[in-house]
Amino acid sequence: MEKQKLSVLVLAVVFGGMALFPPFLLSQYWLHVMIISLFYVMMASSWNLIAGYTGQVSFAHAAFAGIGAYASGILSVFFGLSPWLGIPIGSAVSALLGLAVGYLCIRMGGIYLSLTTLGFSEILRIIITNEDNWTRGTMGLQVPGLFAEYSKTSYYYLFLVVAILVLILLYRLIHSDLGLSFRAVLNDETAASSSGINTVRIRIIAFTISSAIAGLAGGLYGHYVMLISPDVPSLGQMFLVLAMAVIGGMGSFAGPIIGAFLLEILSEYIRIYGEYHVLFYGLVALTITRFAPDGLMAVAGKFSGKKRVGVETL
Amino acid sequence: MSEFLLYLINGIVIGVINAISAIGVSLIVGIMKVVNFAHGELFIFAGYFSYHLSQSLGLPPLVAMFVAVGLTFLVGLLMEWTLIRPTYGDDMRSLIITFILSIVLQNAALLIFGPYPLKPPALIGGATNLFGLFYYGNQRLISFFISLAVLFLIFYLLKRTWFGKAIRAISQDRQMASMIGIDHWKMNTFSFGLGAALAGVAGVIVAPIFPVTPSGSAAISLTAFVIVVLGGMGSLKGCIIGGLLLGLIENLGAAYISTMYRNIFAFIILILVLVIRPWGLFGQKA
């Protein structure tokens, strides 16, 4: 419990520091890197809610972000709807689709969810590339921004506020009665269900919430970069989110946040090597999953002589 | 009519190859409860191996095919030994590991073999007139017969040999199997290699017909997964019937409905199975 308070404190200091830090001190380039990092913080943390806390692997998290982005983008381009309304609607669409996929698969067990979400991502890619009347295909859909006057500083604060709200929501969820059920389901499914927890319902709820957050993050991302392409819902993007959570530490609250900043910032330095950086992250993620399945958070814990970081702590 | 028959035959030829690829997935799921997300990558790697063994090293195409399958088998053994073995009992970790591996192999393929489609040489040229209605490529016909022979071999191996019995014993009750003297560690490694080799067999058979590209692997994995779910997890018969059904539906659907949405038919079937009969055609209802 002490450790949990410590990590919350550390996170509060980090995000508080980011809030107080005057963004005009950063170059436009690094401001952009911070905004994208915050997008990945939301993505990796919400993916961690299902994978790390209820033990189901979804490969559709990037797909749900894409749905949020395209839903809001199409509403604003073709129907003139304000993105401020479009983004919540996009998030709701993601939640509904998440609910449908979750309802169909989760009762059959984790393997089915992973297979179906992989299929879902692939199909979404095909539909987006082919329905170019609505999505502009691989050229990408140009969408309006969120602010009348484009300013990276405004986006920075918006992403920061939303990311903090999402993290507070996730934290309270994990430490609520519902979160207790999540962990009970992860630790011992049979015991959880025999003590009256509806394991399937719990997992579907977690999956729906996490899809809604992905949709929200995707919508914000789309109206920030103002060009939504099939790269947003791609499996490559999905891999990046997964790698962030895995490298940082799945099932720990701070792990995916650290992973998101680490990989996004590191990407800026190794991007010059082109496509090699995906291969590099893949090999790192593979090594970590093989030798330190609880990620860097656990490795750090080991070196400081503390107990293994598990689901129950941090 | 002759057009319909052509699509039908195409569907059956692809269906039989699909079945081999799906058995590769099903075998591993049945014994180890591990879904190999890198299945499609093993498939395309076999295609590339066979291309380079015959084009760059000058081996006869048939020999190149055999060597390529052997190499995929070795890759499978190595995968199980280094990455999968520590994850037994932790389904989630093995899913994550094989998914990451699929991304690594995809990018490695892009780097090593380049982004362009590659096609190993055909075993045979020309075409044969079928039923006096149309000419059908000899390469496709020979692929069909090779696939049938492979299916027969798999059935023989799994139903008639000691190895097959041991495998079935392990998938039913691992503890009991080890008590009667089956080394289940060795069996795991060997079965994983076999599953990988079957991806390779499908790969070397398909590659001379449809060239391999690094980006094609996701669709290949997906097709195999849909067949496994459709046929019922762990069912051999299910893989064959499911493979044929999917081959027919995809080919007829592509011909009469839309080519662009070929892979969508598979996904629709997956959803229908999950709604109507989630345990699949020949699977056991939990």
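In what follows, the structure referred to is the one given above.
Bear in mind the structure is a predicted one, so any value in this text is a computation, not a measurement.

1. Structural notes on the overall build of chain B
So, step 1. Across its full length, chain B carries 11 helices and two strands.
So, step 2. Along its sequence from the N terminus, chain B presents helices and strands in the succession α-α-α-α-β-β-α-α-α-α-α-α-α.
So, step 3. Relative to the 2.2 N^0.38 estimate, which gives 19 Å for 286 residues, the radius of gyration of chain B is 19 Å and therefore close to what a compact globule would have.
So, step 4. Based on the C-alpha atoms only, the size of chain B along its principal axes is roughly 60 × 50 × 35 Å.
So, step 5. Counting only residues that meet the buried cut, chain B has 47% of its 286 residues in that class.
So, step 6. The contacts in chain B between residues at least 6 apart in sequence include a share of 75% that link residues at least 24 apart.

2. What to know about the pairing of strand β1 (residues 127-130) of chain B
So, step 1. In terms of strand pairing, β1 of chain B meets strand β2 (residues 134-137) of chain B through four bridges, oriented antiparallel. Looking at β2 of chain B, one finds that Asn 129 of chain B is bridged to Tyr 135 of chain B.

3. Topic: the nonpolar core
So, step 1. Phe 39, Met 43, Ala 217, Val 241, Ala 243 and Met 244 of chain A are the most contacted members of the largest nonpolar core, which has 179 residues in total.
So, step 2. Sequence-distant contacts of Ala 217 of chain A, that is, excluding residues within four places in its chain, are made with Phe 39, Met 42, Met 43 and Ala 65 of chain A.

4. A closer look at the interface of chain A and chain B
So, step 1. Across the contact, 32 residues belong to chain A and 33 residues belong to chain B.
So, step 2. Residue assignment for the side of chain A that touches chain B shows that the elements contributing at least two residues are α4 (83-106), α5 (110-130), α11 (235-248) and α13 (276-291) of chain A.
So, step 3. Per element, the largest residue contribution to the side of chain A that touches chain B is 11 residues, and it comes from α5 of chain A.
So, step 4. Of the residues belonging to the side of chain A that touches chain B, the class tally is 21 nonpolar, eight polar and three charged.

5. Quick notes on helix α2 (residues 39-55) of chain B
So, step 1. Compared with an ideal rise of 1.5 Å per residue, which puts 17 residues at 24 Å, α2 of chain B spans 24 Å between its outermost C-alpha atoms and is within 8% of the ideal.
So, step 2. Counted residue by residue, α2 of chain B has 15 buried out of 17 residues, so it is predominantly covered.

6. A closer look at the environment of Leu 245 of chain B
So, step 1. Mapped onto the elements of the fold, Leu 245 of chain B is located in helix α10 (residues 236-256).
So, step 2. Residues Leu 245 of chain B and Val 212 of chain B, 33 residues apart in the sequence, show an inter-C-alpha distance of 23 Å.

7. Things to note about the environment of Val 67 of chain B
Residues and elements named next belong to chain B.
So, step 1. Within the secondary structure, Val 67 sits in helix α3 (residues 61-84).
So, step 2. Counting along the chain gives 64 residues from Val 67 to Glu 3, while the straight-line C-alpha distance between them is 37 Å.
So, step 3. In this view, Val 67 contacts Leu 53 and Leu 59; residues no more than four positions away in its chain are not counted.

About the criteria used
- Counting of residues starts from 1 at the beginning of each chain's written sequence and follows it residue by residue.
- Starting at A for chains and at 1 for ligands, labels are handed out in the order in which the entities are written.
- At least 70 in pLDDT is required for a residue's local features to be given in this predicted model, at least 80 for side-chain atom pairs to be given and counted, and no such filter applies to totals for whole chains, interfaces and linings, which use all residues.
- A run of H or I in DSSP becomes a helix once it reaches four residues, and a run of E becomes a strand once it reaches two; helices and strands are each numbered from the N terminus.
- With the radius of gyration taken over C-alpha atoms, the globule rule is written as 2.2 Å times the number of residues to the power 0.38.
- Backbone-placed C-beta atoms define the burial measure: a residue is buried with 20 or more other C-beta atoms within 10 Å of its own, exposed with 12 or fewer, and partly exposed in between.
- Contact criterion: two residues are in contact if their C-beta atoms, reconstructed from the backbone, are within 7 Å.
- Any two strands with at least two DSSP-identified bridges between them are counted as paired.
- To form a nonpolar core, buried Ala, Val, Leu, Ile, Met, Phe, Trp, Tyr and Cys residues must be joined through C-beta atoms within 7 Å.
- We call Asp, Glu, Lys and Arg charged. Ala, Val, Leu, Ile, Met, Phe, Trp, Tyr, Cys and Pro are nonpolar, and the rest, Gly among them, are polar.
- Residue count minus one, scaled by 1.5 Å, sets the expected span of a helix.

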